[in-house]
Amino acid sequence: MTTTRRTILQAVLATAAAAILPPPLKGAAQGRPPATKPIPSTGEALPVVGLGSWITFNVGDDPVLRDECAAVMAAFFDAGGRIIDSSPMYGSSQDVIGYGLEKLGRPSRLFSAEKVWTSSGDNGPAQIEESRRFWGVPRFDLLQVHNLVAWEEHLKTLFEMKAAGQLRYVGITTSEGRRHDLFEEIMRTQPLDFVQITYNVVDREVEDRILPLARDRGMGVIVNRPFQQGVLTQRLEGEPLPEWATEIGASTWAQFILKFIVSHPAVTVAIPATTRVDHVRENLAAATGPMPDEATRRRMAAYVQDL
Amino acid sequence: MPEWWTYRLEDFLLFSPRVYWRMFELHNAAVWPLQIPALALGAIILVWIVRPRQWPDLGSDRLVSIILAAAWVWVAWSFLWNRYATINWAATYVAPAFVLQALLLLWIGSLRGRLHFAADRTVRGVVGLALFLYSLVLHPLVAPLVAPLAGRPIQAAEVFGIAPDPTAIATLGLLSIGAGGAIAWLLLAIPLAWCVVSWATLHAMGASESWIPLTAAGLAVLSRLWPRIGSGALR
Ligand SMILES: NC(=O)c1ccc[n+]([C@@H]2O[C@H](COP(=O)([O-])OP(=O)(O)OC[C@H]3O[C@@H](n4cnc5c(N)ncnc54)[C@H](OP(=O)(O)O)[C@@H]3O)[C@@H](O)[C@H]2O)c1
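All figures in this text were calculated on a predicted structure; none of them were measured in a lab.

Colleague: Outline the confidence of the model for chain A, listing residues and values.
Modeller: Of the residues in chain A, 90% have a pLDDT of 70 or more, and the chain-wide mean is 92. Confidence drops under pLDDT 50 across residues 1-30 of chain A; counting only partners more than four residues distant or on other chains, this segment forms 12 contacts.

The following block contains the structure:
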């Protein structure tokens, strides 16, 4: 009796939801899990689309916006996402992530990616501990030296933490092509698990040296600013997607760009940031379905360049 | 910062415009109904600068300085330190500057009695009165007036003594009226710097209101750099 009533109620709610909500995107609709790639240093599988938090999650004490961020995180984990990236530089983002994790019952699939960002190596450990408390995690999966700030001192700390079992992976970050010479130098000399750089269908400088070097050195690659902080998606909004986009399973420009990025053999994961549940679903759906091969990737870049 | 020339103004913006504007709504709700006494104190200052008062032990000039100083400390503590700093860590470095401004006002205005707030018909007097009136009456209306464009309600109004911009603009106005010589520059430095910071923030957000703090700062500086007309009568 109860079961029947509940079943009917569920059916009614599902119909109502179907009437109100936009149809889910391909991929998510079929409930397909996102494609994964192995972290080179351990073989651990990571879904190829993650979640950034710069600006989007810096909502301070605003209770409405904190819940919106938690809803984005919920949709992210629902769709099979794992890696969330933040930094002490991002205002209240760390705190908001902690709030979301708590609200969602601390999803076990979380892969926490944080950064250390302070000009003094001595302040590193205290800052890392503060970040950890914000997230409310026992330890971080990955800590990265943000923009190479005081990188020598911080890397020493991070490698020590890793050796002591207080951290699983160590990395460095840059963005928009800054300090690539030094970046490569550190890649060549330090046993990093991850590097984080900017890469997308128009910002392709890393293809020349950094991505090949990451492959050679067995380092995972995290891609930031996949949408140029929204500038690229906005620019392409009015342009038509090529007909052959369906062949690679991209139904929007965001998916087109993400598929371009994560199909590069050296890339492990792209971490787009968003304030919107529909966007996070769309982004995770890009990690499902067919992926472009090398020839198609060239075609994709050429198509965008010609627009 | 390495390769600083590769950074744009927008790269330093840590939050979205939506979060920034909603912050004023949240802040107003949190401190309500303090807006009413704040505006009332502003109105009293207005009366005194038009008609300065002198009681046996105390003149209105010193009281204006005390009210202004209180506004700066309050904005430093309640807005910059407790509110704005949650989305912009740089605000924690600005809050002490606001406290310093309050101390300068107390010391120079209230203790030493070096400020005389009597609006006259000099360029500086008129510009000062206009800036003060603007900060008190018009600035809070900017949010609801541009609301059809920006979608911001009256609840997001930026009020003198509660939010930093109108407090800084009001101070620029009052100092235009009340401060002379080198002391004026000492007292103007922090409000002017804040106006530039606010301009940069709003500009990076793409907000058309960015010209407001910049214009206020420009008027305060221009009216002062114009010595002959600045100190002479308008007619
Ligand atoms: N040096 C560093 O270490 C460094 C530097 C930069 C970034 N990062 C990391 O990388 C992350 C990503 O970079 P980012 O945030 O700068 O830029 P991004 O991910 O390229 O772009 C974010 C913007 O894209 C929009 N967007 C997201 N999904 C979309 C979709 N499906 N369709 C249309 N628009 C969409 C979002 O707007 P909506 O909210 O409307 O969706 C948001 O404004 C950061 O959050 C941060 O974690 C690290």
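Colleague: If you had to explain the packing of helix α9 (residues 253-262) of chain A against helix α11 (residues 294-306) of chain A to someone new, which residues and values would you point to?
Modeller: Residues and elements named next belong to chain A. Between α9 and α11, whose axes approach to 10 Å, the crossing angle comes to 135°. Viewed along their axes, α9 and α11 adopt a mutual orientation that is oblique. At the point where α9 passes α11, the crossing takes the left-handed sense. Here Trp 253, Phe 256, Phe 260 and Ile 261 of α9 lie close against α11, whose contacting residues are Arg 297, Met 300, Ala 301, Tyr 303 and Val 304. Across the contact of α9 with α11, the residue classes break down as 8 nonpolar, no polar and 1 charged.

Colleague: Can you break down unusual backbone geometry residue by residue, with the values?
Modeller: The omega torsion across Trp 32 of chain B and Pro 33 of chain B is 5°, close enough to zero to call that bond cis. Counting through the fold element by element, Pro 33 of chain B comes out in the loop between α1 (17-31) and α2 (35-50). Of note in the backbone geometry, Ala 150 of chain A takes a positive phi value of approximately 45° without being a glycine. When you line up the elements, Ala 150 of chain A lands in the loop between β5 (140-145) and α5 (151-163). Judged by relative accessible area, which is 18%, Ala 150 of chain A ranks as buried. Residue Gln 229 of chain A is not a glycine yet carries a positive backbone phi of 60°. Note that Gln 229 of chain A resides in the loop between β8 (220-224) and α8 (231-236).

Colleague: Residue-level account of the pattern of salt bridges, with values.
Modeller: Here the structure, examined in full by the defined rule, presents 27 salt bridges over all chains. Here Arg 22 of chain B makes a salt bridge to Asp 62 of chain A, at a shortest N to O gap of 2.5 Å. With Arg 22 of chain B in helix α1 and Asp 62 of chain A in the loop between β2 (45-47) and α2 (63-78), this pair bridges two chains. By relative accessible area, Asp 62 of chain A is classed as buried at 2%. For Glu 176 of chain A, the salt bridge is made with Arg 8 of chain B, and the minimal N-O distance between the two is 3.4 Å. Within this pair, whereas Glu 176 of chain A is found in the loop between β6 (167-173) and α6 (180-189), its partner Arg 8 of chain B is found in the segment before α1, the two belonging to separate chains. For Glu 176 of chain A, a relative accessible area of 30% translates into the label partly exposed. The exposure class of Arg 8 of chain B is partly exposed, given its relative accessible area of 38%. What you see here is one network of salt bridges that share partners, running through Glu 176, Arg 178 and Arg 225 of chain A together with Arg 8 and Asp 11 of chain B.

Thresholds applied
- Residues numbered from 1 in each chain as written.
- Chains lettered and ligands numbered in written order.
- Predicted model: local features only at pLDDT ≥ 70, side-chain atom pairs only at ≥ 80, totals over all residues.
- Heavy atoms only, no water.
- pLDDT = per-residue confidence, 0-100.
- Contact = heavy atoms within 4.5 Å.
- Axes fitted to C-alpha atoms, helices over the stretch in contact; angles between N-to-C directions.
- Helix = DSSP H or I, 4+ residues; strand = E, 2+ residues; numbered from the N terminus.
- Parallel < 35°, antiparallel > 145°, perpendicular 65-115°, else oblique.
- Left-handed = near helix turned anticlockwise from the far one by under 90°.
- Nonpolar A, V, L, I, M, F, W, Y, C, P; charged D, E, K, R; others polar.
- Buried < 20%, exposed > 50% of the residue type's maximum accessible area, 1.4 Å probe, protein only.
- Salt bridge = Lys/Arg side-chain N within 4 Å of Asp/Glu carboxyl O.

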